[in-house]
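Now for the letters of each chain:
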Amino acid sequence: MNDRIDWTAHYQALDAAHHLHPFSDMGALNRTGSRVIVHGEGVYLRDSEGVRIIDGMAGLWCVNLGYGRQELIDAACRQMHELPYYNTFFKTTHPPVAELSALLAELLPTRFNRFLYCNSGSEANDTALRAVHRYWAVQGKPEKRHVIARHNAYHGSTIAAATLGGMTGMHEQMLSKLEHVAHIGQPYWFGEGGTMDPHDFGLECARQLEAKILELGADKVAAFIGEPFQGAGGVIFPPASYWPEIQRICREHDVLLIADEVIGGFGRTGEWFAHEHFGFEPDVITMAKGITSGYVPMGAVALSDAIADAIIEGGEFNHGFTYSGHPLAAAVAVTNLNLLRDEGIVTRVRHDTGPYFQRCLREALAHHPIVGEIAGTGLVAGIQLAEDPATRKRFDITDAIGTLCRDFSFEGNLVMRASDDRMLLSPPLVVTHAEIDEIVQKARAAIDATAQAIRRAA
Ligand code: PMP
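Residues numbered from 1 in each chain as written. Predicted model: local features only at pLDDT ≥ 70, side-chain atom pairs only at ≥ 80, totals over all residues. Heavy atoms only, no water.

Here we look at the overall build of the chain
Going by this rule: A run of H or I in DSSP counts as a helix once it spans at least four residues, and a run of E counts as a strand once it spans at least two, with each numbered from the N terminus. Throughout, radius of gyration means the C-alpha value; the globule benchmark is 2.2 Å times the number of residues raised to the power 0.38. Categorising residues by exposure relies on relative accessible area from a 1.4 Å probe, with only protein chains included: less than 20% of the type maximum marks a residue as buried, more than 50% marks it as exposed, and the intermediate range marks it as partly exposed. Any two residues having at least one pair of non-hydrogen atoms within 4.5 Å are treated as being in contact. Counted as positive: Lys and Arg. Counted as negative: Asp and Glu. His and the chain ends are not counted at all. For this purpose, a charge sits on NZ of Lys, CZ of Arg, CG of Asp or CD of Glu.
The helix and strand tally for the chain stands at 17 helices and 15 strands. Here the C-alpha radius of gyration of the chain, 22 Å, is about what a compact globule of 458 residues would show, namely 23 Å. C-alpha atoms of the chain, sized along the principal axes, occupy 65 × 60 × 45 Å. For the chain, with 458 residues in total, the buried portion stands at 54%. For the chain, the proportion of contacts with a sequence separation of at least 24, taken over those separated by at least 6, is 70%. The distance from the centre of the 39 positive side-chain charges to the centre of the 56 negative ones in the chain is 1 Å.

Regarding the sheet that holds strand β15 (residues 422-425)
The condition that has to hold: Between any two strands, at least two bridges found by DSSP are needed for them to pair. Every axis corresponds to a line fitted to the C-alpha atoms, with the helix fit spanning only the stretch in contact, and the corresponding angles, defined between N-to-C directions, vary from 0 to 180 degrees.
Spatial strand order, β11-β12-β15-β14: four strands in an open sheet with antiparallel pairing. Of all the strands in the sheet, the pair left with one neighbour each is β11 (371-377) and β14 (417-419). Between one strand axis and the next, the sheet turns by 25° as a mean value, whatever way the strands run. Taken together, the four bridges between strand β12 (residues 380-385) and β15 define a ladder with antiparallel strand orientation. Residue pairing in the sheet places alanine 381 in a bridge with leucine 425 of β15. Along the sheet, helix α15 (residues 345-365) makes contact with β11, β12 and β15, crossing β11 at roughly 175°.

A short note on the site of the ligand
Short version of the rule: Here a residue is near a molecule or strand as soon as one of its heavy atoms is found within 4 Å of it. As used in this structure description, the phrase polar contact means that two N or O atoms lie within 3.5 Å; if the pair is within protein, one of them must be able to donate a hydrogen and the other to accept it, and residues adjacent in sequence are counted only when both atoms belong to side chains. Only the protein chains shown count as covering a residue, and every accessible area follows the Shrake-Rupley method with a 1.4 Å probe.
Around the ligand sit Ser120, Gly121, Ser122, Asn125, Tyr154, His155, Gly156, Glu227, Asp260, Val262, Ile263 and Lys289, and those are all the residues in its vicinity. Serine 122 places a polar side-chain atom, nitrogen or oxygen, 2.5 Å from an oxygen atom of the ligand. Bound to the protein, the ligand loses 83% of the 390 Å² it would expose on its own. Per-element accounting of the shell around the ligand gives the leading share, three residues, to helix α6 (residues 121-138).

Some remarks on the environment of aspartate 437
Tracing the chain through its elements places aspartate 437 in helix α17 (residues 433-457). Between the C-alpha atoms of aspartate 437 and tyrosine 356, which are 81 residues apart in sequence, the distance is 9.4 Å. Apart from the residues lying within four places of it in its own chain, the contact partners of aspartate 437 are Tyr356 and Cys360.

Examining the sheet that holds strand β1 (residues 37-41)
As summarised here, the arrangement of the four strands in space is β1-β2-β3-β13, forming an open sheet in which the pairing is mixed. Unpaired on one side and paired on the other, β1 and β13 (414-415) mark the two borders of the sheet. Bridge analysis of β1 against strand β2 (residues 44-47) gives four bridges, and the strand direction is antiparallel. Of the residues in β2, the one forming a bridge with glycine 40 is leucine 45. This element, α17, spans β2, β3 (52-55) and β13 of the sheet and lies at about 95° to β3.

Some remarks on the domain arrangement of the chain
For clarity, the threshold we go by: As annotated, the domain borders come from an automatic or database domain assignment. Buried area adds together the accessible area that both of two parts lose upon being put together, with accessible area traced by a 1.4 Å probe. Any carboxyl oxygen of Asp or Glu that lies within 4 Å of a side-chain nitrogen of Lys or Arg is treated as forming a salt bridge with it.
Taken domain by domain, the chain holds domain 1 (35-68 + 344-457) and domain 2 (70-342). Centre-to-centre separation of domain 1 and domain 2, based on C-alpha positions: 26 Å. Tallying the contact residues gives 37 residues for domain 1 and 37 residues for domain 2. On the domain 1 side of the contact with domain 2, Trp61, Val346 and Arg392 bury the most area, a combined 25% of that side's loss. At the boundary of domain 1 and domain 2, one finds one salt bridge. For glutamate 271, the salt bridge identified is with arginine 350, shortest N-O distance 3.3 Å. Counting across the interface, domain 1 meets domain 2 through 23 residue pairs in polar contact (both at pLDDT 80 or more). Only α3 (58-61), α15, β11, β12, β14 and β15 provide two or more residues apiece to the side of domain 1 that touches domain 2. Considering each element in turn, the side of domain 1 that touches domain 2 owes the most residues, five residues, to β11.

Considering the packing of aromatic side chains
Remark: the centre distance and the inter-plane angle together describe each pair of aromatic rings, the angle taken between the planes. Using the following cut-off: Two aromatic rings from Phe, Tyr or Trp, using only the six-membered ring of Trp, form a pair when their centres are within 6.5 Å; if the ring planes differ by under 30 degrees the pair is stacked, by over 60 it is edge-to-face, and anything between is tilted. Ring-over charges, as used throughout, are those where CZ of Arg or NZ of Lys falls within 6 Å of the ring centre and within 35 degrees of the ring normal.
Under the counting rule described, the total for this entry stands at 11 aromatic pairs. Each ring, one from tyrosine 242 and one from tryptophan 243, has its centre 5.2 Å from the other, and the planes form 80°; the classification is edge-to-face. Here the aromatic residues Phe224, Tyr242, Trp243 and Phe280 are joined through ring pairs into a cluster of three or more. Positioned above the aromatic ring of tryptophan 136 is the side chain of lysine 144, whose terminal nitrogen or guanidinium carbon lies 4.7 Å from the ring centre.

Description of the pattern of salt bridges
Taken as a whole, this structure holds 23 salt bridges when the rule is applied. Here lysine 220 and aspartate 219 are joined by a salt bridge, their closest N and O atoms 4.0 Å apart. Judged by relative accessible area, aspartate 219 falls into the partly exposed class, the value being 45%. Here glutamate 252 makes a salt bridge to arginine 248, at a shortest N to O gap of 2.7 Å. Separated by four residues within a single helix, glutamate 252 and arginine 248 lie in helix α11 (residues 242-252), roughly one turn from each other. Through salt bridges with shared partners, one network takes in Arg207, Glu210, Glu245, Arg248 and Glu252.

The following block contains the structure:
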């Protein structure tokens, strides 16, 4: 009986009738139908037709430990039995959140010892703003309330996080935005560096921050926020000159530096946190995704001691969520972080799988006729498609070219994401050499197919 049910069509129909997907043109999607994903194991997904797909994106940059880890399942199960929910509003705490906080204090640089919790990266960035504003208020400087962010940054989808982000398409659809947010340019040398060399361009971009601070008045600026490398914006790696200069400017003008580590945190670059790769010292760190390997939702904000001490001495901070420090999420996070550490996974990304992935990508693609740049370190990469790599000339149809390549990749059963004309890869941190070979070979096939399609169209 069941054999005669077309489960793919069944779920596609339910989905089309009742579900609005994130960042999707639902009219167009409902005409073709969604691919129904039913299972995950290691770095592989399986769809409802039984097709195996290699996940070059670790879900949405989050499934750091890969799919199906029994230890995470057991941790969730145990906590469900023991205490599925309790809050920490009523002068109460619980073991998972206390353990997670102590563990984060061990994993982060020594000046971070206090953490606020939430459910997502967006909420983490909202929470960071609340904390930064509270900090300046208790310092007696409530007029320090402007926050400077960057064009083509991604910080999430709530009103605050989307205002901080610099995604034009999102801003266009927001009829109301957060006040006191200003944007400066992004350190995207390939696309915007013109004739400058990367070093000078990095400095020039950073100095836009100084100009903006001076324009607004340093006594009015609370913080600068940036992803150490822009993730959704295209895995854009800033020139080495950029972050040290940003840090100098923040220090000089008494502006707090917020690192959005929602993607970069928990091993992606081969360091525990991406700011460590770039060599700068933030005052506030926002986290989500990899903190639980995506198995359950969780976000967190780390405050440096100076900020946490001031907030603690300032009395009640009127902020928090029903699910701040949720016991199930915290229990999964503790197990996840212990596994990342005790199995040496982050160390392996740094010394073994990361360098192997970067080398294979470059060997396969560096001289490809439509590849202009490969950015990345560890297990994250952005592949720039270009009409003329030598002169950094981009295709006129930047958006369409990425979508074309992404579709070829999906057809070849590799999940590779597009951000305009950059192709993004960010596999689970447990990926093996053989699986890296498969990802690189499939990415190359998708880019070859894209080049052929362009030649045919020309
Ligand atoms: N910050 C960054 C850097 C992100 O990449 C994302 C999500 N991709 C967010 C914040 C928002 O996280 P969430 O979708 O969990 O709200």
